[in-house]
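Chain residues, written in single-letter form:
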There are 2 protein chains.
Amino acid sequence: MNSGYSIDVAPTPGNRRPLYESPAFRLTVLGIHLASDFAEHLQAAGLTPKHVGMLTVIEQGLARTQDDVARLMRVSPSMIVRIADHLEQSDLIVRRRDPENRRKHVLSLTAQGKAVLGKTADFAATLDAALAARLGPDLGQGLDQALAVLMGRLTEGQ
Amino acid sequence: MNSGYSIDVAPTPGNRRPLYESPAFRLTVLGIHLASDFAEHLQAAGLTPKHVGMLTVIEQGLARTQDDVARLMRVSPSMIVRIADHLEQSDLIVRRRDPENRRKHVLSLTAQGKAVLGKTADFAATLDAALAARLGPDLGQGLDQALAVLMGRLTEGQ
DNA sequence: TATTGTTATACTCTATAACTATA
DNA sequence: TATAGTTATAGAGTATAACAATA
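The following refers to the structure shown. Just so we're clear, the structure is a prediction, and the values are computed from it rather than from any experiment.

## Side note on the nonpolar core
Here's step 1: In terms of nonpolar packing, the biggest core is built from 85 residues, with L27 and M54 of chain A together with L27 and M54 of chain B touching the most fellow members.
Here's step 2: Here the element with the most residues in this core is helix α5 (residues 111-155) of chain A; it accounts for 15 residues.
Here's step 3: Excluding residues that lie within four positions of it along the chain, M54 of chain A makes contacts with V69, M73, I80, I83, A84, L87 and L107 of chain A.

## Things to note about the relation of the copies chain A and chain B
Here's step 1: With an RMSD of 0.0 Å, the operation that places chain A on chain B is a rotation of 180 degrees combined with a shift of 0.0 Å along the axis. The transformation just described matches what one would write down for a two-fold rotation axis. It is G31 of chain A whose C-alpha, among those of chain A, lies nearest the rotation axis, at 2.0 Å.
Here's step 2: Mapped onto chain B, 100% of the interface residues of chain A are again interface residues, and the two copies thus contact each other with one and the same surface.

## A word on the interface of chain A and chain B
Here's step 1: Counting from both sides, the interface comprises 55 residues of chain A and, opposite them, 55 residues of chain B.
Here's step 2: Counting each side, the surface lost to burial between chain A and chain B is near 5,500 Å², with a carbon and sulfur contribution of 70%.
Here's step 3: The interface formed by chain A and chain B contains 6 salt bridges.
Here's step 4: Two residues, D122 of chain A and R16 of chain B, come together in a salt bridge whose shortest N-O distance is 2.7 Å.
Here's step 5: At the junction of chain A with chain B, the criterion picks out 14 residue pairs in polar contact (both at pLDDT 80 or more).
Here's step 6: Every element with two or more residues in the side of chain A that touches chain B is listed here: α1 (23-43), α2 (49-59) and α5 of chain A.
Here's step 7: The dominant element in the side of chain A that touches chain B, judged by the number of residues it contributes, is α5 of chain A, at 25 residues.
Here's step 8: Its residues placed into classes, the side of chain A that touches chain B shows 31 nonpolar, 11 polar and 13 charged.

Parameters and conventions
- Numbering of residues begins from 1 in every chain and follows the order in which that chain's sequence is written.
- Written order decides the labels, with chains lettered from A and ligands numbered from 1.
- The predicted origin of the model limits local features to residues at a pLDDT of at least 70 and limits the giving and counting of side-chain atom pairs to 80 or more, whereas totals for whole chains, interfaces and linings rest on all residues.
- To get the side-chain values, all heavy atoms of the structure are used, and hydrogens and water are removed first.
- Only buried Ala, Val, Leu, Ile, Met, Phe, Trp, Tyr and Cys residues count toward a nonpolar core, and they belong to the same one when joined by side-chain atoms within 4.5 Å.
- Working definition: with a 1.4 Å probe on protein chains only, accessible area under 20% of the residue-type maximum means buried, over 50% means exposed, and in between means partly exposed.
- The numbering of helices and of strands both runs from the N terminus, where a helix is a DSSP run of H or I of at least 4 residues and a strand a run of E of at least 2.
- Should any heavy atoms of two residues lie within 4.5 Å, those residues are counted as being in contact.
- Superposition of the copies was done by least squares, using only C-alpha atoms of residues whose pLDDT is at least 70 in both.
- For any pair of parts, buried area is found by adding up, for both, the accessible area (1.4 Å probe) each one loses once the two are put together.
- The salt bridge criterion pairs a side-chain nitrogen of Lys or Arg with a carboxyl oxygen of Asp or Glu, the two atoms within 4 Å.
- Polar contact criterion, stated in full: a pair of N or O atoms within 3.5 Å, where within protein one must be able to donate a hydrogen and the other to accept it, and residues adjacent in sequence count only if both atoms are side-chain atoms.
- Classes in brief: Ala, Val, Leu, Ile, Met, Phe, Trp, Tyr, Cys and Pro nonpolar; Asp, Glu, Lys and Arg charged; the others, Gly included, polar.

Quick look at the structure:
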């Protein structure tokens, strides 16, 4: 009834949870801030969060080839080539052709690549400590459990 | 004792939590993925997560001027100008000079700006539902509580 | 003909530096 | 002289498209 007198009810439900209280929104904001913390730390080593992300999915066995990494990290194959080039030149990964399908490059970590993950884990531990200090043991454990479950979504190809 | 026979103990503590189990790392990974979900959704409206972030900090009263927004969102003032220009041209915010200090631009949302936040909240609710479905009520509530506490860190100027 | 990876290219994002206006 | 905002510019990041090799 476009009478001009109608009260506007549809556009703003009114009973919805505001954006800033949405868990998905909060995860996004916190994640972006933490990513910037990681980026700042990694800069000294000439690395970015994407480099570490690639090392992680390889180390975890979530991605065997560059194509796997591209899909899992939601970045273009050409970008993966650049990151992999950099990681290989820094002796953090090795590429070898898959003898069963010579189009594929099978990726694996070097000892130095594992060491980078270890050093990054040390830095992450300092961030974790700051989070834990804020949350206390109960909320901290609740967060850990929830995050463990949610990570499953990403590793299942979603 | 650089004897050559020494066992390597310092570089790899061994008892540290691996990176992929770090809450900070997991928050980063999940946040980046969710940010890409938001970005994909907002694209149709010609907006980015940064636009919505700016609308949110204004609406929440966390930032009164462009300078406030720049510090809170950790982006350069010049970037804020671009985002604010876009938001103003789209009639989502208004700038007015602060009469007490004419260098400052006081920012506020228009009705349309608030509507954008509302529509984004609707989309966030769909992401929230997916998260909740994975977590179940107990873990879901634990996550909500922890995130609420952690958001405080950002709004306190940290 | 489809897949995997690479290269060439162009476009977007973002920061730095120089500048204007105000204090 | 310092602050808030703007503009100009350059650099980094990223995707798309064309290509090569393999299946």
